[in-house]
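Report on the structure
Each chain is listed here by its residues.
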Amino acid sequence: MRYVNFILGFLMVILITGCGNPHDKYIGYWKKQDEENTISLIKKVDNNIYTVVSLEREKNGLEGGTLVKLDNGEFETGGANSTRIILSEDGNTIREDNVIWNRISEQQAEEAWVKIQELAAKQQKNAEACEKMLSEYKAKRDKITNVPISSSSDVSSYFDQKDQQNKQKTALFNQYQTLTESIPDCSSVFKMRYSHDSFSI
């Protein structure tokens, strides 16, 4: 009798598992392949609604996008450029068009979040250092530019002074172009903001 009850119980477990909602297999954390800091969470809001949200938005209490359930147990992202999200047979990867996402644990997601915050803090520190350096450059450039040029009747003297001023500006530009390379991404910001200073006026 105990054997029969065991078999019946075992079959019941299999039946319940087999009849589970296939969409629930998507629930969890997913890391974009080859991008350590791109992590999303698929979660079940209620019995009929599933959402996908980036780890950053989730940590900041922001909502994600609602997924569209398909009858075959898959999802679509919805919207004008809707793409199907396909789960692998082993449940460890999902494919969104040509993008692959790998399943990770909640602990792995938390560890990644710590790294993301550290990276964000570092980027903020670099941005502040870059702005400080650019402000120093602007102040020195303005000091050169604001030196009055004699309006002497001697035309050659005027252009000599102007040429000297442009040489000083060019030298300053080249100096800070090199200095900004010591701060990540600062050199590109410097060039975009002050590239016209590299030409004589």
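The text that follows walks through the structure, step by step, so that each part is easy to find. (Residues numbered from 1 in each chain as written. Predicted model: local features only at pLDDT ≥ 70, side-chain atom pairs only at ≥ 80, totals over all residues. Heavy atoms only, no water.)

Some words on unusual backbone geometry
Of note, Asp34 is a non-glycine position whose phi angle comes to about 70 degrees, a positive value. Look at Asp34 and you get exposed, because its relative accessible area is 72%. Phi angles above zero are rare outside glycine, and Asp97 is one such case at about 60 degrees. (Buried < 20%, exposed > 50% of the residue type's maximum accessible area, 1.4 Å probe, protein only.)

Re the state of the cysteines
Put plainly, a disulfide is one covalent bond tying together the sulfur atoms of two cysteines. One pass over the structure, following the stated rule, counts 1 disulfide. In this model, Cys130 is linked to Cys186 through a disulfide, with the two sulfur atoms separated by 2.1 Å. Its torsion about the S-S bond being 85 degrees, the disulfide of Cys130 and Cys186 is classed as right-handed. Within this pair, whereas Cys130 is found in helix α3 (residues 106-145), its partner Cys186 is found in helix α5 (residues 186-194), the two being separated by 56 residues in sequence. Taking relative accessible area as the criterion, Cys130 reaches 5% and is therefore assigned buried. We classify Cys186 as buried; its relative accessible area is 0%. (Disulfide = S-S within 2.5 Å. Helix = DSSP H or I, 4+ residues; strand = E, 2+ residues; numbered from the N terminus.)

Focus on the nonpolar core
Counting 12 residues, the largest nonpolar core is built from Cys130, Met133, Leu134, Tyr137, Ile144, Leu172, Phe173, Tyr176, Ile183, Cys186, Phe190 and Tyr194. Taken together, the elements giving at least two residues each to this core come down to α3, α4 (155-179) and α5. It is α3 that provides the largest number of residues to this core, a total of 5 residues. Look past the residues within four positions of Leu172 in its chain and what remains in contact with it is Tyr137, Lys140, Arg141 and Ile144. (Core = buried A, V, L, I, M, F, W, Y, C linked by side-chain atoms within 4.5 Å. Contact = heavy atoms within 4.5 Å.)

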